[in-house]
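Observations on the model geometry
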Amino acid sequence: MRKTFGTGSVWEQTLGYSRAVQVDNTLYISATAASGEDGIVGDDFYTQTRYILQKLGTVLADAGFAFEDVVQSKLYLTDISKWEDAGRAHGEVFGDIRPTLSLVHVLPFLDPKMLVEIELVAQKGSN
């Protein structure tokens, strides 16, 4: 089974991708930034990470998953020296869940106000 999920972002249609793709019991979520209706939300790594995780919580729920199902998380940061700020927000959500984690230092994103992107993989156990 393969099912796609979108958020209505103009980028999804323009670039030809889905916010998330479910294959059987695994959900792959595209790298997501702190973009809101009025542009980028937050001007620091902690705030953007928190906002992105809230958005990703909605994506997970829409697909019938939860944060507890997340097995892999990747944080893409434009300034690796701010890893503790992004990590603190990440730990507030995943502290007890403890998925695998990659912290990746990247060049600036398309919008220079974007400081963080997060990509997740979630998997439901077979019961």
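Residues numbered from 1 in each chain as written. Predicted model: local features only at pLDDT ≥ 70, side-chain atom pairs only at ≥ 80, totals over all residues. Heavy atoms only, no water.

Identification of the protein as Enamine deaminase RidA (YjgF/YER057c/UK114 family) from Pseudarthrobacter oxydans is taken from an unreviewed UniProt entry.

1. Brief notes about the pairing of strand S2 (residues 20–23)
Going by this rule: Any two strands with at least two DSSP-identified bridges between them are counted as paired. Put simply, DSSP marks the helices as runs of H or I at least four residues long and the strands as runs of E at least two long, and each gets a number from the N terminus on.
Direction of pairing for strand S1 (residues 2–5) relative to S2: antiparallel, over a ladder of four bridges. Residue pairing across strands places Phe5 opposite Ala20, the latter belonging to S2. In the sheet, S2 pairs with strand S3 (residues 26–33) via four bridges, with the strands oriented antiparallel. Residue Ala20 lies in a different strand from S3, and its bridge partner there is Ile29. Between S2 and the antiparallel strand that follows it, S3, lie two residues; Asp24 among them carries a positive phi value of about 55 degrees.

2. A short note on the packing of aromatic side chains
As a reminder of what qualifies: Only the six-membered ring of Trp is used, alongside the rings of Phe and Tyr, when aromatic pairs are assigned; centres must lie within 6.5 Å, and planes under 30 degrees apart are stacked while those over 60 apart are edge-to-face, with the rest tilted. To sort residues, take the accessible area from a 1.4 Å probe on protein chains only and compare it with the maximum for the residue type: under 20% means buried, over 50% means exposed, and anything in between is partly exposed. Two conditions define a charge located above a ring, namely a distance within 6 Å from the ring centre to NZ of Lys or CZ of Arg, and an angle within 35 degrees of the ring normal.
Scanning the entire structure with this criterion turns up one aromatic pair. Ring centres 5.5 Å apart and planes at 90 degrees place the aromatic pair Phe67 and Phe94 in the edge-to-face group. A residue pair is termed long-range when its members are at least 10 positions apart, and Phe67 in the loop between helix H2 (45–62) and strand S6 (70–77) and Phe94 in helix H3 (residues 83–94) qualify at 27 residues. For Phe67, a relative accessible area of 21% corresponds to the partly exposed category. Given the relative accessible area of 3%, Phe94 is considered buried. Arg88 extends its terminal NZ or CZ atom over the ring of Tyr46, reaching a point 4.0 Å from the ring centre. The ring centre of Phe65 lies 4.9 Å from the NZ or CZ of Lys124, which sits over that ring.

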